[in-house]
Amino acid sequence: MALEHAILVSLLERPGSGYELARRFERSIGRFWTATHQQIYRVLKRMEADGWVTAEEIGQEGRPDKRSFSVAPAGRSALVGWLRAPVQPEAVRHELAVKIRGAAFDDAAGRAALVAEVERYRATHEETLARYLAGERRDFPDPAAPDAAAALQHVVLRGGIAYERMVLAWLDDVLATLRTLDH
């Protein structure tokens, strides 16, 4: 997937400025596709030049005007083509997993250092899970009768929640295994 596709999806959900898009990436899209503010602005500029998005100048009192982007027909067509193309499973590159396997060739002090690293890594996943759960409570307080867009946004978020829970369970297993090796 290219950043362009994530931006098109976001703009179809709701037009907005580059700043607003960056905020959406931080709040929700970033759950599955990350981008910096600079990347978003650079890609928006290219997408506008390619005719995938259009921009409207919006005056703001006391602040500089902003440009609000919307998806143009060429952008929608590009997105539909991408949506209908097959997806290849992504290859997993997991540095921590390699370190865990490599711990068999280290001493007790090295494994103790690895325990600390796994605990630090686990804490980041706990924070991510907490953010996802807070976002779910905030964005989907009544999942009983969502529209299609909300239902699909929620199912992606639930996937992120399930992933974080799986990683945390695995990390707990790793910690338990590491702690039994040198005792």
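The structure under discussion appears in the preceding block.
Residues numbered from 1 in each chain as written. Predicted model: local features only at pLDDT ≥ 70, side-chain atom pairs only at ≥ 80, totals over all residues. Heavy atoms only, no water.

Trainee: Honestly, the pairing of strand S1 (residues 53–60) in this entry has me stumped. Any pointers?
Mentor: In this structure, S1 lies alongside strand S2 (residues 63–71), joined through seven bridges in antiparallel fashion. Bridge pairing in S2 links Val53 to Val71. Hairpin connection between S1 and S2: a loop of two residues separates the two successive antiparallel strands, and Gly62 in this loop has a positive phi of roughly 80°. (Pairing = 2+ DSSP bridges. Helix = DSSP H or I, 4+ residues; strand = E, 2+ residues; numbered from the N terminus.)

Trainee: Help me understand the layout of surface pockets in this model?
Mentor: It is a probe the size of a water molecule, rolled over the atoms, that shows where empty space is left. Of the pockets and cavities examined, the largest pocket occupies roughly 1,000 Å³. Taken together, 31 residues make up the lining of the largest pocket; nearest its centre are Val9, Ser10, Glu13, Ile29 and Gln153. Its residues assigned to classes, the lining of the largest pocket shows 18 nonpolar, four polar and nine charged. In this structure, the second largest pocket encloses a volume near 560 Å³. Lining of the second largest pocket is provided by 20 residues; of these, Phe32, Trp33, Gln88, Glu90 and Tyr163 occupy positions nearest its centre. Broken down by secondary-structure element, the contributors of at least two residues to the lining of the second largest pocket are helix H6 (108–139) and helix H7 (148–181). Of the residues in the lining of the second largest pocket, the class split is 13 nonpolar, five polar and two charged. (1 Å grid on protein atoms, 1.4 Å probe; cavity = no way out; pocket = protein on both sides within 12 Å on 5 of 7 lines; lining within 4 Å. Points joined across faces, edges and corners; volume = space filled by probe spheres on them. Nonpolar A, V, L, I, M, F, W, Y, C, P; charged D, E, K, R; others polar.)

Trainee: Please clarify how the packing of helix H5 (residues 95–102) against H6 should be interpreted in this entry.
Mentor: In a pair of packed helices, the angle between the axes and the distance between the axes together describe the arrangement. The geometry of H5 relative to H6 is characterised by a closest axis approach of 11 Å and an angle of 155° between their N-to-C directions. Classified by the angle their axes make, H5 and H6 are roughly antiparallel. Both H5 and H6 take part in a crossing whose hand is left-handed. Packed against H5, whose contacting residues are Leu96, Lys99 and Ile100, the element H6 presents Leu114, Glu117, Val118 and Tyr121 at the interface. Within the contact of H5 with H6, the residues separate by chemical class into five nonpolar, no polar and two charged. (Axes fitted to C-alpha atoms, helices over the stretch in contact; angles between N-to-C directions. Parallel < 35°, antiparallel > 145°, perpendicular 65-115°, else oblique. Left-handed = near helix turned anticlockwise from the far one by under 90°. Contact = heavy atoms within 4.5 Å.)

Trainee: Can you walk me through the nonpolar core in this structure?
Mentor: Inside soluble globular proteins, nonpolar side chains tend to come together where they are buried. Ranked by size, the top nonpolar core spans 18 residues in total, and within it Ile7, Leu11, Phe25, Ile40 and Leu44 carry the most contacts. Residue assignment for this core shows that the elements contributing at least two residues are helix H1 (3–13), helix H2 (18–27), helix H3 (37–49) and S2. For this core, the element with the highest residue contribution is H1, accounting for five residues. Beyond its immediate chain neighbours, meaning those up to four positions away, Ile40 contacts Leu3, Ile7, Gly18, Leu21, Ala22, Phe25 and Ala35. One finds Val115, Val167, Leu171 and Val174 within the second-largest nonpolar core, a separate group that totals 11 residues. (Core = buried A, V, L, I, M, F, W, Y, C linked by side-chain atoms within 4.5 Å. Buried < 20%, exposed > 50% of the residue type's maximum accessible area, 1.4 Å probe, protein only.)

Trainee: Just to check I follow, could you spell out the packing of H1 against helix H4 (residues 73–84) for this structure?
Mentor: For the pair H1 and H4, interaxial distance at closest approach is 10 Å and the crossing angle is 120°. Regarding H1 and H4, the two cross each other, and that crossing is left-handed. Contacts between H1 and H4 pair His5, Leu8, Val9 and Leu12 from the former with Gly75, Arg76, Leu79 and Trp82 from the latter. Residue classes in the contact of H1 with H4 are distributed as five nonpolar, two polar and one charged.

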